[in-house]
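Analysis of the macromolecular model
Here is how the chains run, residue by residue.
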Amino acid sequence: LDPVAIVTHFKSQHWKKAERFLGGATAAEAFVQCEPTGDALAVFKTKYAADQTRIIAQWNDLTAWVALQRITNP
């Protein structure tokens, strides 16, 4: 989980790729499996717990970027 690298990658591609990646999910929906009761691998749960704020912020940033691209670059 390197949220900055992932967002940078998707922003260098066509916005529809990021839209497919996001799948219309909120950050809470996307990372529910990384919560303590989720079914993600322990390594992902640990990384998510250690950097949750930044991961969610990057998810939201990418979501906002896709929304803007949808309007300005249909």
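Rules of the game
Residues numbered from 1 in each chain as written. Predicted model: local features only at pLDDT ≥ 70, side-chain atom pairs only at ≥ 80, totals over all residues. Heavy atoms only, no water. Helix = DSSP H or I, 4+ residues; strand = E, 2+ residues; numbered from the N terminus. Buried < 20%, exposed > 50% of the residue type's maximum accessible area, 1.4 Å probe, protein only. Contact = heavy atoms within 4.5 Å. Phe/Tyr/Trp six-rings, centres within 6.5 Å; stacked < 30°, edge-to-face > 60°. Core = buried A, V, L, I, M, F, W, Y, C linked by side-chain atoms within 4.5 Å. Arc of directions from axis to C-beta. Bend = angle between axes of the 7 residues up to and from the residue. Patch = residues over 30% accessible without salt bridge, like charges linked within 9 Å, V, L, I, M, F, W, Y side chains within 5 Å. Areas by Shrake-Rupley, 256 points an atom, 1.4 Å probe, with all protein chains shown as cover. Salt bridge = Lys/Arg side-chain N within 4 Å of Asp/Glu carboxyl O.

**Here's the deal with the side chain of glutamine 69**
Relative to the helices and strands, glutamine 69 resides in helix α4 (residues 42-72). Given a relative accessible area of 16%, glutamine 69 falls into the buried group. Among residues more than four places away in sequence, those in contact with glutamine 69 are Trp15 and Pro74.

**Quick word on the packing of aromatic side chains**
Where two aromatic rings form a pair, the distance of their centres and the angle of their planes describe that pair. By the definition in use, this model includes four aromatic pairs. With a centroid separation of 5.7 Å and an interplanar angle of 50°, the aromatic rings of phenylalanine 21 and tryptophan 59 are classed as tilted. Placement of phenylalanine 21 in helix α2 (residues 15-22) and of tryptophan 59 in helix α4 is noted, with a sequence separation of 38 residues between them. Of the aromatic side chains, those joined through ring pairs into one cluster are Phe10, Phe21, Phe31, Tyr48 and Trp59.

**Re the nonpolar core**
Grouped together as the largest cluster of nonpolar side chains are 16 residues, with contacts concentrated most on Ala18, Phe31, Trp59, Leu62, Trp65 and Val66. Those elements that place two or more of their residues in this core are α1 (3-11), α2, α3 (27-30) and α4. Among the elements that make up this core, the one with the highest residue count is α4 (six residues).

**Considering α1**
Of the residues making up α1, those classed as buried are Pro3, Val7 and Phe10. Taken end-on, α1 shows its buried residues confined to a sector of 65°, consistent with a single buried face. On its buried face, α1 is in contact with α2 and α4.

**Some details on α4**
The largest bend in α4 comes to about 85°, at aspartate 51. Those residues of α4 not exposed but buried are Lys45, Tyr48, Ile55, Gln58, Trp59, Leu62, Trp65, Val66 and Gln69.

**Things to note about a nonpolar patch on the surface**
Residues Leu41, Val43 and Phe44 make up a contiguous nonpolar surface patch of about 280 Å² in total accessible area. Summarising the element assignment, leucine 41 is placed in the loop between α3 and α4. For leucine 41, a relative accessible area of 57% gives the class exposed.

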